[in-house]
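# Examination of the molecular architecture
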Amino acid sequence: MKIRKADVISAVLFAALAAGIIPHGPRAGLFAPAALAQNSGERVVSGTVLSEASQAVPGATVFLQDEKTKTIRSYTSIANGHFYFAQVNKAKDFDLWAEKDGKKSAVKTVSSWDARTDFISDLKLK
C-alpha cells in the first residue's frame with residue numbers, strides 16, 4: 001500500500017486541530033498561539049548609562065516611554081551607572097533613553113516583537 005503525502009499532511013493537521021494545537025473558528029487567526037506566546041507577560045529592562053568615554057554615569061535619568069500612550073517611567077542610575085525597570089509589558093512598544101547635564105543618549109526601542117524576558121542595553125550619553 002502506497003501512502004500519499006497529502007494523506008499524511010491531512011492526518012497531521014486533523015490531529016493538531018483535535019489536540020487544540022492549531023486554533024480554529026472565526027477568531028483564530030493565522031499562527032495566533034505563537035504570536036500570543038511571544039509577547040505575553042512581562043520583562044525586565046536594564047543596562048548601564050555610559051559617558052562618551054565609556055565610563056559609568058551615576059545620577060543620570062533614564063526614561064521608558066510607552067509609544068502608544070506616551071506615559072513615562074523614569075529611573076535614576078545608581079553609582080555604577082546601572083538602571084532597572086521591572087514589570088514592563090511585553091505586548092507594548094517602548095522608547096528608552098537617558099539624559100544628564102544636557103547630554104542625551106540615542107533612543108532605543110524595546111519592541112513587542114522581541115520575545116526576550118530580559119532586555120539589556122547600554123545607553124551612551126553624547
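Check the entry above for the structure.
Here's a quick rundown of the structure. (Residues numbered from 1 in each chain as written. Predicted model: local features only at pLDDT ≥ 70, side-chain atom pairs only at ≥ 80, totals over all residues. Heavy atoms only, no water.)

### With respect to the overall build of the protein chain
Using the following cut-off: Think of it this way: any DSSP run of H or I at least four residues long counts as a helix, any run of E at least two long counts as a strand, and we number them from the N terminus. For each residue, the accessible area found with a 1.4 Å probe, counting protein chains only, is set against the maximum for its type, and the residue is called buried under 20%, exposed over 50%, and partly exposed in between. When checking whether two residues touch, look at their non-hydrogen atoms; a contact exists if any pair is within 4.5 Å. Note on areas: these come from Shrake-Rupley sampling with a 1.4 Å probe, and a residue is covered only by the protein chains present in the view.
Of the regular secondary structure elements, the protein chain holds two helices and nine strands. Its helices and strands taken in sequence order, the protein chain reads α-α-β-β-β-β-β-β-β-β-β from the N to the C terminus. Of all 126 residues assigned to the protein chain, the portion counted as buried reaches 30%. Taking contacts inside the protein chain between residues at least 6 apart in sequence as the whole, the part at least 24 apart equals 56%. Split by element, the accessible area of the protein chain, about 8,400 Å² in all, is 59% carbon and sulfur.

### A closer look at the nonpolar core
For clarity, the cut-off: Put simply, buried Ala, Val, Leu, Ile, Met, Phe, Trp, Tyr and Cys residues joined by side-chain atoms within 4.5 Å make one nonpolar core.
Counting 16 residues, the largest nonpolar core has V45, V49, V62, F83, F85 and L96 as its most contacted members. Beyond its immediate sequence surroundings of up to four residues, F83 is in contact with V45, S46, G47, T48, V49, V62, Y75, L96, S121 and L123.

### Points about the environment of A86
Within the secondary structure layout, A86 lies in strand β4 (residues 82-89). Not counting the four nearest positions on each side in its chain, A86 is found in contact with R43 and R73.

### Let's talk about the side chain of K90
Defined as follows: The convention is simple: Lys and Arg are positive, Asp and Glu are negative, and His and the chain ends are not counted. Criterion for a salt bridge: a side-chain nitrogen of Lys or Arg within 4 Å of a carboxyl oxygen of Asp or Glu.
Relative to the helices and strands, K90 resides in the loop between β4 and β5 (94-100). Buried and unpaired, K90 has no salt bridge, with D114 as the nearest side chain of opposite charge at 7.6 Å.

### A short note on the pattern of salt bridges
Two side chains that carry opposite charge are able to pair once their charged atoms sit near each other. Applying the stated rule across the entire model yields three salt bridges. Notably, a salt bridge pairs E52 with K103, separated by 3.8 Å at the nearest N-O pair. You can see E52 sitting in the loop between β1 (42-50) and β2 (61-66) and its partner K103 sitting in strand β6 (residues 103-104), a full 51 residues away along the chain. Here K92 ties to D66 by a salt bridge, and the two come within 3.5 Å at their closest N and O atoms.

### Things to note about the packing of aromatic side chains
As a reminder of what qualifies: Pairing of aromatic rings covers Phe, Tyr and Trp, the last counted by its six-membered ring, and requires centre-to-centre distances within 6.5 Å; plane angles under 30 degrees mean stacked, over 60 mean edge-to-face, and any other angle means tilted.
For the coordinates displayed, the defined rule picks out three aromatic pairs. Measuring from centroid to centroid gives 5.2 Å for F63 and W97, while their planes differ by 25°, and the two rings are stacked. Here F63, found in strand β2, pairs with W97, found in strand β5; they are 34 residues apart in sequence, far enough to count as distant. W97 sits in the buried class, given a relative accessible area of 10%. Cluster of aromatic residues (ring-pair linked, three or more members): Y75, F83 and F85.

### Quick look at unusual backbone geometry
For S54, which is not a glycine, the phi torsion comes out positive at approximately 65°. Looking at the secondary structure, you find S54 in the loop between β1 and β2.

### Things to note about the environment of H82
Mapped onto the secondary structure, H82 falls in strand β4. By relative accessible area, which is 36% here, H82 ends up partly exposed. For the pair H82 and P58, spaced 24 residues apart in sequence, the C-alpha to C-alpha distance is 7.7 Å. Ignoring any residue separated from it by four or fewer positions in sequence, one finds H82 in contact with G47, T48, Y75 and S77.

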